[in-house]
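# Observations on chain architecture
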Amino acid sequence: MDPETSLDEIKNVGIKDDRIVEISSKSLKGTLEIDATGLVVSPGFIDLHVHGMTNKAHIYQARDGVTTALELEGGISFLREWIDFKTGNSIVNFGATVPHGQIRAKAMEAYNHYFTRSFEIINEEGFDSPNLDKIRINLGRSGYQQLTDSEITLMKEMIKEELQSGALGIGAPVGYYTGAGYDEIFSVYELAANFNVPIFSHTRNIGMSGIHEAISNATTSGAPLHIVHANSLSLGDIQVTLDMVASAQDRGLDVTTEIYPYTAASTTLESQIFDGDWKDILKIDYSDIQWEATGERLTEKTFYEYRKEGGIVIIHMMKPEWLLKGIKDERTIIGSDGMPYAPGAHPRTAGTFSRVLGRYVREQKVIDLMTALKKMTILPAQRLEEIAPAMHQKGRLQVGADADITIFDPKTIIDRADFKGLQFSEGVEYVLINGELVVSDGKNVENVFPGRAVMGKYRR
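Quick caveat, the model's predicted, so the values are computed rather than measured.

Moving on, we get to the pattern of salt bridges. By the definition in use, this model includes 22 salt bridges. Residue R104 is joined to E184 by a salt bridge in which the shortest nitrogen-to-oxygen separation is 2.7 Å. Residue R104 is located in helix α3 (residues 100-106), and its partner E184 is located in helix α7 (residues 182-195); the two are separated by 80 residues in the primary sequence. You'll find R104 and E184 in the same group, each marked buried. A salt bridge links E385 to R396, with the shortest nitrogen-to-oxygen separation between them at 2.4 Å. Separated by 11 residues along the polypeptide, E385 in the loop between α16 (378-384) and β16 (405-408) and R396 in the loop between α16 and β16 bring together distant segments of the chain. Residue R396 is classed as buried on the basis of its relative accessible area, which comes to 8%.

Given below as structure tokens:
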């Protein structure tokens, strides 16, 4: 099945090295042959929104059919070094944006020493070091501060430098640093427009005011815009967001959005999302928040204890009917918002794509199989083609395309991870990345790292 051309036929697929070289009704012979009778052979799934970027997370993503995992909402600091760190040591393809939230902190003199220390930790312990989490929490204070004009100028120069490191656009989760002035955020959109790179935005507020700001900035600046997880940003107003995105596209604007298929969100408890009247905004109470490390539901007492400590929570705050609107919409992309690996992490970390194919395609028939695959393959590939030329060869099952291929059983594919802990999805039988098997006969292949960096066109 090839969603770009609507090909849906019984064919043989020939792979040589890292490319698809033949698709034919004729018999093909190879040194390795996979019998995919009764299975769907699809382009590998492209996840635009992943925070879990270690191999501990990648093994779950691969079992969910993911071949390319990208950190585009928050971005990655020290991107050039991170790409070097992962090259030759990643199960899946990888890439990231400029982390605007951290770049703006770096532009403030008071926070410079945190970046010096971060670089030392990376050199000594690697990007997987838990000591980086402590620095991230300290940097959170910068999100309450507004930049001066000179700091905005410095910040923009830093963004340009990071684009030259291979960034896939600008990650602007301004909802986590609402101290940023409207002038600062609009200047980032103007910069994105000048370089024709996409902004990936977790908007300023949960609710329509943040959506309005993002679309207004994109419309008036001309910047490409991708609104992340429309379901958790819009809540009950998701149809309004979907209608606005559709209207923007119909008028020729480069605006897209995504959804993940769960009724709970996940983020850090110390974040600005839990400032002020969060209970009224989210229409939830303490008991709707789950502490990831133990699985316990919070009370008023434990909320403040854990918030002082800092850590990840799961937030039960959405209704199934809101998700259905997002999944049904033909323009939405499926993105997991997968969290860093932890045994009790949000199930979207392991089951997003299998959940869509099992529950919403096969069981509930909300959308058909080709539509679902389109949301997982060609739409995310096209979102990045302007900034990342390599994406022209991904998200497609065609001669000349990269041999990133997911082979699954449409009769059995299903997610197994839940809010009690991570589990592998079922029904994904084979996954090839750049022509190399990382999942075979429904099991992870050990000690193979064929993933390659996906880099932006400004890389130098």
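With respect to topology, 6 strands assemble into an open sheet ordered β7-β8-β9-β10-β11-β15, the strand pairing being parallel. Because the sheet does not close on itself, it has two edges, and the strands there are β7 (98-99) and β15 (333-334). Here 2 bridges tie strand β8 (residues 170-171) to strand β9 (residues 199-201), and the two strands are oriented parallel to one another. Of the residues in β9, the one forming a bridge with I170 is I199. Relative to strand β10 (residues 225-227), helix α8 (residues 208-221) is tilted by about 165°, and along the sheet it contacts β9 and β10.

Turning our eyes to something else, we now look at the packing of helix α6 (residues 149-163) against α7. Their axes nearest at 11 Å, the elements α6 and α7 cross at an angle of 35°. α6 and α7 meet at a crossing whose hand is right-handed. Between α6 and α7, the residues in contact are D149, I152, M155, K156, I159, K160 and L163 and D183, E184, S187, V188, L191 and F195, respectively.

Turning our attention to the packing of helix α10 (residues 238-250) against helix α13 (residues 320-328). Across the interface, α10 lies against α13 with an axial gap of 9 Å and an inter-helix angle of 15°. On the basis of their axis angle, the class for α10 and α13 is roughly parallel. As α10 packs across α13, the resulting crossing turns out to be right-handed. Two secondary-structure elements touch here, α10 through I238, Q239 and L242 and α13 through W322, K325 and G326. For the contact of α10 with α13, the per-class residue count stands at 3 nonpolar, 2 polar and 1 charged.

In this section: the environment of T68. Mapped onto the fold, T68 is located in strand β5 (residues 66-71). Classification of T68 by relative accessible area gives buried; the value is 0%. Measuring from C-alpha to C-alpha, the distance between T68 and E436 comes to 14 Å, with 368 residues separating the pair along the chain.

Calculation notes
All residue numbers refer to position in the chain's written sequence, counted from 1. In view of the model being predicted, local features appear only for residues whose pLDDT reaches at least 70, and side-chain atom pairs are presented and counted only at 80 or more, with totals across whole chains, interfaces and linings using the full set of residues. Hydrogens and water molecules were not included; the side-chain quantities draw on all heavy atoms of the structure. Salt bridges are identified by distance alone: a Lys or Arg side-chain nitrogen within 4 Å of an Asp or Glu carboxyl oxygen. For helices the rule is a DSSP run of H or I covering at least 4 residues; for strands it is a run of E covering at least 2, with both sets numbered from the N terminus onward. The cut-offs for exposure are 20% and 50% of the maximum accessible area for each residue type, with area from a 1.4 Å probe on protein chains only; residues under the lower value are buried, those over the upper are exposed, and the others partly exposed. Here, any two strands with at least 2 DSSP bridges between them count as paired. For this analysis, residues touch if any pair of their heavy atoms sits within 4.5 Å. Axis definition: a line fit to C-alpha positions, over the contact stretch in the case of helices; interaxial angles, taken between N-to-C directions, run 0 to 180 degrees. Crossings are assigned a handedness: left-handed for a near helix turned anticlockwise from the far helix by less than a right angle, right-handed for a clockwise turn. For classification purposes, an angle smaller than 35 degrees is called roughly parallel, one larger than 145 roughly antiparallel, one from 65 to 115 roughly perpendicular, and anything else oblique. The nonpolar class holds Ala, Val, Leu, Ile, Met, Phe, Trp, Tyr, Cys and Pro. Asp, Glu, Lys and Arg form the charged class, and all remaining residues, Gly among them, are polar.

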